[in-house]
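Next come the chains, spelled out residue by residue.
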Amino acid sequence: MSKQPAWTIKSAEDYYGFKRWGGSHFSVDPRGDLRVHPMGDDRSVKIVDIVREASSMGLRPPLTIRVQDLLRRRVIQLNEAFLRAIKGEGYEGRYRGVFPVKVNQLREVVEEILDAGEPFGFGLEAGSKPELLIAMALLEQPDALLVCNGYKDEEFIQLALMGRKLGKQTIIVVEQVSELDAIIRTARRMGVTPHIGIRVKLATAGEGKWAESTGENAKFGLTPSEIMAAVEKLRKARMTDALRLVHFHIGSQVPNIATIKKAVVEAARYYCELAKMGFPMGLLDVGGGLGIDYDGSRSAYESSMNYSMEVYARDVVAHVKQVCAAAGVACPDIVSESGRALVAPHSILIFEAVDRIARDGDAGKPPRGKSHQVIRELEAILANKGKLDPLERYHDAREKRDEAHSRFTLGYLTLEQRAYVDRLFWQICRDLRARMAREHDVPDELARLDSLLAEQYVCNFSVFQSLLDHWALDQLFPIAPIHRLGERPTVQATLVDITCDSDGKVDDFIDLEDVRRTLALHPLREGQPYYIGAFMVGAYQDIMGDLHNLFGRVNEAHVFLEDDAEDGFYIEEAIPGYTVDRILGMIQYNAEDLCRMLKRQVDRATRADSVKPREGVAMVDLYERLIRGGTYLINGEPERPRSRRRR
Ligand SMILES: *Cc1c(COP(=O)(O)O)cnc(C)c1O
């Protein structure tokens, strides 16, 4: 067998795909540590340094790191991409983007986006009353748009119209014809002229996981005849000057640029028709859908996209221009509601692998006493006495193992014998895999041995809280260790979380082609934490995560570049994850009541002399401390109440 080529930093970059999905934002330094480059230039921060700094502040992993400069960078990139496209195409309208709040509602995220977007007049999109309440308070720039989507009641409409009175550019997008009556009624009552948009139900089918956001059965949008009915209503109400915008949304993470082009052309046609009917119009909103290349393959595969942000902007602008020119209609200002593309990259989830579940080790010594027939047969398969071909050998081994399992159930094999059978079986599998490593044409069943034999790394986090879309939609996120990258990763593993749910696992990983069933990781070392990062988790995961097993939100550190700081960054905001008492409160438990109930039991035991008084006090202390503590595992020494620092 030829010697493996040496493992280098470059091998790590290739294997984990840092450059492919991370662009210029990630690199591995000569010491094998992963660095993030928030601005995509030379300035970088070692991610392990952030983890250490956060840990010293009491925020151990699982930890969400928000790289705020990276978030700002994305906002600027999107706006500049449209500015360049507009200039390049000689387009006569402006770009007026909005951030859809639902993609990440966290205050620091929304504020950072507004701040970075201020020079561009970047606005917000709200899809519910709570989101609109956020947007109304935060968005003060008079030039920025506030687009209101989603189902609306009169209160929602009232709030949006109140915005008009405050000088905000709120636009109410009609999703159902019935909403129009409520808008007309409320606007009359409040004495304001509303600005209205119409969401159209495009015939262009979406593509990707969210394909059903559009088309005949979509739950949103107006059909052509409903649009005609809406037009009639507006005319009757003498509110024709209210209609300003055409909106569509073909779903999130659209992998194929051809889909986007088709949708833009169709929507632009609606725009032109309405403009020609004499409505003031002025705005075309192309919704979301701008993708993220999670696997770095630049393909039209679900987790990827076959275009760049730059190409997206250019195609949108060029196609709107073309359609308007053909119709002889003035070009509208273009609005986009890109959420995922703005916020996904800035957020990194760090968790620690705390244990490994390995397949049974060496076959070891056979059990004492007379050997059973089935064991002798398995031993023969292991020694490959019959010189069988690999697939046959594998089938025989499985058959014998199954036979042994039934014999155990029937009482003919002892536990010790059964354990030995399993070890023999895995030994055979390992032997087969080793032989197959040299083959080109590996039968399917044997190719699957890799994942069958993979180890499981137990990771201190919850898939349901922090990587929900991986569980719900099989969405792939880039996952990689953030240190030891100069060292060859020799263990093929899958990840399991600490929930008591067998679905709490990650066993699909990004690859250039297809999907990997296992990820190469480093052997765990006693006493040394092993940190793994899940990347590009800033879109949707934050809010949609749930409380399965009551783990709740993880610790969070918001990081900024700082040239004067020793490690090149500072943590501006440290947000502790949920404590047990906080989560218990959400499901109607009162921590103090629980403590009292426990104390009563301890008192009873103390009186009965089954617990010593000092022991009893310690028990109550422990219970009270844990109920105020975090929900995730604390690896290593438990946290002691910290002694007050002397100044
Ligand atoms: C969710 C949503 C968006 C955001 O879509 P992304 O693909 O994340 O950019 C935009 N507009 C509307 C109406 C939405 O519902």
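Residues numbered from 1 in each chain as written. Predicted model: local features only at pLDDT ≥ 70, side-chain atom pairs only at ≥ 80, totals over all residues. Heavy atoms only, no water.

Let us look at the packing of aromatic side chains. Applying the stated rule across the entire model yields 18 aromatic pairs. Note on Phe 464 and Trp 471: the rings are 5.1 Å apart at their centroids and 70° apart in plane angle, and the pair reads as edge-to-face. The positively charged end of Arg 359 is found above the aromatic ring belonging to Trp 426, 5.0 Å away from the centroid. The ring of Tyr 15 is capped by Arg 516, whose NZ or CZ atom sits 4.0 Å from the centre of that ring. (Phe/Tyr/Trp six-rings, centres within 6.5 Å; stacked < 30°, edge-to-face > 60°. Lys NZ or Arg CZ within 6 Å of the ring centre and 35° of its normal.)

Mapped onto the elements, Asp 29 comes out in the loop between strand 1 (26-28) and strand 2 (34-36). If sequence neighbours within four positions are ignored, Asp 29 has contacts with Ile 9, Arg 35 and Lys 46. (Helix = DSSP H or I, 4+ residues; strand = E, 2+ residues; numbered from the N terminus. Contact = heavy atoms within 4.5 Å.)

Tracing the sequence through the fold places His 548 in the loop between helix 20 (541-544) and strand 22 (555-561). A relative accessible area of 28% means that His 548 is categorised as partly exposed. Measuring from C-alpha to C-alpha, the distance between His 548 and Thr 499 comes to 7.4 Å, with 49 residues separating the pair along the chain. Here His 548 is in contact with Phe 464 and Asp 501, once residues within four sequence places are set aside. For His 548, the side chain forms a polar contact with the side chain of Asp 501, separated by 2.7 Å. (Buried < 20%, exposed > 50% of the residue type's maximum accessible area, 1.4 Å probe, protein only. Polar contact = N/O pair within 3.5 Å; in protein donor to acceptor, adjacent residues only side chain to side chain.)

Turning our eyes to something else, we now look at unusual backbone geometry. Following Pro 61, the chain continues into Pro 62 via a peptide bond in cis, with omega recorded as 5°. Its place among the elements puts Pro 62 in the loop between helix 3 (47-56) and strand 4 (63-67). Although it is not a glycine, Gln 253 adopts a positive phi angle of roughly 50°. Structurally, the position occupied by Gln 253 is in the loop between strand 10 (243-247) and helix 10 (257-276). According to the relative accessible area criterion, Gln 253 is buried, its value standing at 3%. A positive phi angle is found at Asp 474, which is not glycine, with a value near 55°. By secondary structure assignment, the location of Asp 474 is in the loop between helix 19 (468-473) and strand 15 (479-481). Residue classification places Asp 474 among the exposed residues on the basis of a relative accessible area of 52%.

Here we come to helix 1 (residues 9-16). Taken as a whole, helix 1 has its buried residues at Ser 11, Ala 12, Glu 13, Tyr 15 and Tyr 16. Tucked into the core, helix 1 has its buried residues touching helix 2 (18-22), strand 1, strand 15, strand 18 (509-510), strand 19 (515-516) and strand 20 (519-521). Of the residues trailing helix 1, Gly 17 is marked for its positive phi of about 75°.

A separate point is the environment of Thr 631. Along the chain, Thr 631 turns up in the segment after helix 23 (613-627). Owing to a relative accessible area of 17%, Thr 631 belongs among the buried residues under this scheme. Leave out the neighbours within four places in its chain, and Thr 631 touches Leu 550, Phe 551, Tyr 578, Thr 579, Val 580 and Ile 583. A distance of 2.5 Å separates a polar atom in the side chain of Thr 631 from the backbone oxygen of Phe 551.

This part takes up the domain arrangement of the protein chain. Each domain of the protein chain was delimited in the assignment, giving domain 1 (1-70 + 349-578), domain 2 (92-338) and domain 3 (581-627). Here domain 1 and domain 3 have C-alpha centroids that lie 38 Å from each other. Between domain 1 and domain 3, the residue contacts involve 5 residues of the former and 5 residues of the latter. Taken together, the connections running from domain 1 to domain 3 amount to 0 residue pairs in polar contact (both at pLDDT 80 or more). Across the side of domain 1 that touches domain 3, the residue classes break down as 4 nonpolar, 1 polar and no charged. (Domains from an automatic or database assignment. Nonpolar A, V, L, I, M, F, W, Y, C, P; charged D, E, K, R; others polar.)

Moving on, we get to the site of the ligand. Around the ligand sit 17 residues, and of these Lys 102, Ser 252, Glu 337, Gly 339 and Tyr 540 come closest. Here the ligand has 390 Å² of accessible area as a free molecule, and 93% of this is covered by the chains. In the shell around the ligand, the residues fall into 3 nonpolar, 9 polar and 5 charged. (Near = heavy atom within 4 Å. Areas by Shrake-Rupley, 256 points an atom, 1.4 Å probe, with all protein chains shown as cover.)

The next thing to look at is the sheet that holds strand 6 (residues 123-126). Adjacent strands of a sheet form backbone hydrogen bonds with each other and so pair up, either parallel or antiparallel. One open sheet accounts for 8 strands, arranged 5-6-7-8-9-10-11-12; its pairing is parallel. Pairing within the sheet leaves two strands with one partner each, and these edge strands are strand 5 (98-100) and strand 12 (333-335). Put simply, the sheet's adjacent strands are angled 25° from each other on average, direction ignored. Running over the sheet, helix 6 (residues 129-138) touches strand 6 and strand 7 (145-148) and is turned about 170° from strand 7. (Pairing = 2+ DSSP bridges. Axes fitted to C-alpha atoms, helices over the stretch in contact; angles between N-to-C directions.)

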